[in-house]
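Inside the fold
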Amino acid sequence: MFMKDFKYLAAFSIPLFAFIGMSLKGYWVWATPLFAFVCIPILELIFPVDTDNFSEEEVDSRLKRQLFDWLLYLNLPVVFSLLIYGLFIVTHLSIETYEFVGLIFSTGIVLGVNGINVAHELGHRQATNERFIGKALLLPSFYMHFFIEHNYGHHLHAATPEDPATARYNQSVYSFWITSTVRQYFSAWRIQQKLLKNNNERFLSVKNDMLWYTVLQISYLITVFLIFGKTGFVFALVSGVVGFILLETVNYIEHYGLLRLQTKSGRYERVREMHSWNSNHVIGRIVLYELTRHSDHHYKSSKKYQILDCHDESPQMPYGYPTSMVLAMLPPLWFKIMNKRVPSEMIIRQ
């Protein structure tokens with residue numbers, strides 16, 4: 001059983017392909033996008049789904065093994081090493097435009113999958129050092145506000161019109177990129193102001209995390225510009241944008257078209273397993289650290305990724321998350337496949 005835990009090393013396959021592409025250059029720089037959005041979807045179609053859950057004994061055992069945590073921590077040096085390597089290549093070596101663009105997408109995918117996705121998992125932890133690593137992984141994608149909005153906003157409002165990260169029925173992913181990105185940022189500021197007010201703190205306070213995030217992210221870009229020049233600045237900026245667009249694409253498929261019922265008092269029913277799209281496709285589960293078992297994550301956000309369960313009442317995606325992200329890029333096809341899977345009572349209310 002212990003050896004099977006090492007399957008999550010496959011989550012480093014995307015950084016590995018990025019490193020290979022960066023080292024070989026040429027058309028190899030496109031190996032990461034090809035692997036992430038062609039090879040992985042094909043593998044998802046080949047491998048069967050796995051709906052098994054762990055017994056109580058297995059859960060206790062997996063929670064005691066620190067391997068699962070260190071597999072997350074390792075992403076910090078991996079992500080930043082690849083980012084610095086990419087910056088060195090685009091500023092110190094002679095490369096073609098197609099190579100520059102390919103390197104941006106490769107780096108951006110790493111920032112999204114091994115950066116933001118891992119940051120999401122660590123952001124739910126209570127240990128200060130784990131939260132620090134999570135926030136650091138959000139830095140190069142300019143999404144540090146995600147820590148506040150996701151934990152204090154999204155998990156409270158998921159599957160409601162108040163949630164920026166819940167895609168409406170028949171909303172395209174391209175529209176969602178804009179609405180979710182903008183609304184989440186301003187939502188994070190509102191949450192921060194409320195937290196400051198509740199603690200009798202002023203705007204210019206050391207406890208204003210949003211202010212710190214802004215300073216840190218601007219400082220990061222200034223540092224990149226001073227060390228790597230304008231080319232490095234553009235590379236870092238656009239790679240970060242690719243990273244958070246990747247996140248928003250995942251957000252899009254996680255709750256697409258799902259809404260919670262309102263009670264007579266006007267409050268929404270509590271978040272249940274039916275308010276997130278679940279996927280048991282094994283490849284996506286491993287590469288994304290079980291993010292695809294999103295229904296159980298929202299049902300109990302404190303659960304670590306290695307013990308997330310599958311619930312029969314959760315709406316099931318016909319494909320894994322990586323494959324679904326590709327489908328989302330083709331709205332007519334996405335609507336044709338997914339709209340009929342959205343519960344009818346949820347469609348009426350949208």
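The written sequence of each chain sets the order in which its residues are numbered from 1. Per-residue local features are limited, in this predicted model, to residues with pLDDT of at least 70; the limit for side-chain atom pairs, both in listing and counting, is 80 or more; totals at the level of whole chains, interfaces and linings are taken over all residues. Only heavy atoms go into the side-chain values, all of them from the structure, while hydrogens and water stay out.

The chain goes by Alkane monooxygenase in an unreviewed UniProt entry, where it is assigned to Winogradskyella haliclonae. What the UniProt record of the chain gives under Sequence similarities (unreviewed entry) is the line "Belongs to the fatty acid desaturase type 1 family. AlkB subfamily." UniProt positions are given in the numbering used here, feature names are shortened, and annotations may be inferred rather than shown by experiment. Under the UniProt heading Subcellular location (unreviewed entry), the note attached to the chain is "Cell inner membrane".

**Some words on helix α8 (residues 146-157)**
Where helices and strands are cited, they refer to DSSP runs of H or I of at least four residues and of E of at least two residues respectively, numbered from the N terminus. Given a helix with a known number of residues, its expected span is that number minus one, times 1.5 Å. Here α8 contains twelve residues, and its C-alpha end-to-end distance of 14 Å is more than 12% below the 16 Å for a straight helix at 1.5 Å per residue. Within α8, the full set of buried residues consists of Phe146, Phe147, Ile148, Glu149, His150, Gly153, His154 and His155. Residues are treated as being in contact if the distance between any of their heavy atoms lies within 4.5 Å. Contacts made by the buried residues of α8 are with α6 (97-123), α7 (128-138), α9 (173-198), α10 (209-255) and α12 (294-299). Just downstream of α8, Ala159 is the residue with a positive phi angle, here 65°. Think of it in three bands: residues with accessible area under 20% of the maximum for their type are buried, residues over 50% are exposed, and the middle band is partly exposed, with areas taken using a 1.4 Å probe on protein chains only.

**As for the nonpolar core**
The criterion is simple. A nonpolar core is a set of buried Ala, Val, Leu, Ile, Met, Phe, Trp, Tyr and Cys residues joined through side-chain atoms within 4.5 Å. In terms of nonpolar packing, the biggest core is built from 86 residues, with Ile14, Tyr252, Tyr256 and Trp334 touching the most fellow members. Of the residues forming this core, the biggest block, 15 residues, is contributed by α10. Once residues lying within four places of it in the same chain are set aside, the contact partners of Ile14 are Thr32, Phe35, Ala36, Ile40, Ile109, Val110, Val113, Asn114 and Val287.

**Some details on the UniProt feature "domain: Fatty acid desaturase" (unreviewed entry) in the chain**
Here, the residues flagged by UniProt with the feature "domain: Fatty acid desaturase" (unreviewed entry) are residues 102-308. Secondary structure content for residues 102-308 is 63% helix and 0% strand, while the C-alpha to C-alpha distance between its ends is 35 Å.

**Considerations on the pattern of salt bridges**
Within this document, salt bridges are pairs made up of a side-chain nitrogen of Lys or Arg and a carboxyl oxygen of Asp or Glu, the two lying within 4 Å of each other. For the structure on display, the rule yields twelve salt bridges. With a shortest N-O distance of 3.0 Å, Asp69 and Arg125 are connected by a salt bridge. Taken as a pair, Asp69 in helix α4 (residues 67-73) and Arg125 in the loop between α6 and α7 lie far apart in primary sequence, 56 residues in all. On the basis of relative accessibility, which here comes to 5%, the residue Arg125 falls in the buried class. Close ionic contact of Lys303 with Asp296 constitutes a salt bridge, the shortest N to O distance being 2.7 Å. For Lys303, a relative accessible area of 17% gives the class buried. Look at the salt bridges and you will find they share partners, linking Asp69, Glu121, Arg125, Glu130 and Lys304 into a network.

**Overview of empty space enclosed by the protein**
The rule is simple: put a 1 Å grid over the protein atoms alone, call a set of points where a 1.4 Å probe fits but cannot get out a cavity, call an open set with protein on both sides within 12 Å along at least five of seven lines a pocket, and count a residue as lining if it has an atom within 4 Å of a point. Grid points are joined across faces, edges and corners, and a volume is the space filled by probe spheres set on the points. Following the criterion strictly, the structure yields two cavities of 30 Å³ or more and no others. For the largest cavity, the calculated volume is near 250 Å³. As for the largest cavity, its lining consists of 23 residues, and the residues nearest its centre are Val113, Asn117, Val250, Leu288 and Met325. Elements that contribute at least two residues to the lining of the largest cavity include exactly α2 (31-46), α6, α8, α10 and α13 (321-328). Gly is put with the polar residues, along with every residue not named as nonpolar or charged; the nonpolar set is Ala, Val, Leu, Ile, Met, Phe, Trp, Tyr, Cys and Pro, and the charged set is Asp, Glu, Lys and Arg. A class-by-class count of the residues in the lining of the largest cavity yields 16 nonpolar, six polar and one charged. When its volume is computed, the second largest cavity comes out at roughly 70 Å³. Tallied by class, residues from the lining of the second largest cavity come to five nonpolar, four polar and three charged.

**Some remarks on the UniProt feature "transmembrane region" (unreviewed entry) in the chain**
Using the residue numbers shown here, the UniProt feature "transmembrane region" (unreviewed entry) corresponds to residues 30-49, 70-94, 100-120, 210-228 and 233-253. Between the end C-alpha atoms of residues 210-228 the distance is 27 Å, and the span holds 100% helix and 0% strand. Here residues 233-253 runs as 100% helix and 0% strand, with 31 Å between its end C-alpha atoms.

**Some thoughts on the packing of aromatic side chains**
Aromatic rings from Phe, Tyr and Trp, taking only the six-membered ring of Trp, are treated as a pair when their centres fall within 6.5 Å; an angle between ring planes under 30 degrees marks them as stacked, one over 60 as edge-to-face, and anything in between as tilted. For the structure shown, the criterion picks out 23 aromatic pairs. With a centroid separation of 5.3 Å and an interplanar angle of 90°, the aromatic rings of Tyr8 and Tyr305 are classed as edge-to-face. Of this pair, Tyr8 sits in the segment before α1 (13-24) while Tyr305 sits in the loop between α12 and α13, and the two are 297 residues apart along the sequence. There is no split in this pair, since Tyr8 and Tyr305 are both buried.

**Details of the layout of surface pockets**
Estimates place the volume of the largest pocket at around 370 Å³. Taken together, 17 residues make up the lining of the largest pocket; nearest its centre are Arg131, Phe132, Lys135, Met144 and Tyr213. Contributions of two or more residues to the lining of the largest pocket are made by α7, α8, α9 and α10. The greatest single-element share of the lining of the largest pocket, amounting to five residues, is contributed by α7. Its residues placed into classes, the lining of the largest pocket shows eleven nonpolar, two polar and four charged.

**Comments concerning the environment of Ser141**
As for its placement among the helices and strands, Ser141 is situated in the loop between α7 and α8. Classification of Ser141 by relative accessible area gives buried; the value is 0%. For Ser141 and Ile245, which are 104 residues apart along the polypeptide, the C-alpha to C-alpha distance reads 9.4 Å. Aside from chain neighbours lying at most four places away, what touches Ser141 is Leu111, Ile116, Gly240, Gly243 and Phe244.

**A word on unusual backbone geometry**
Although it is not a glycine, Lys25 sits at a positive phi angle of roughly 55°. Mapped onto the fold, Lys25 is located in the loop between α1 and α2. Phi at Glu290 is positive, roughly 65°, even though this residue is not glycine. Tracing the sequence through the fold places Glu290 in the loop between α11 (282-287) and α12.

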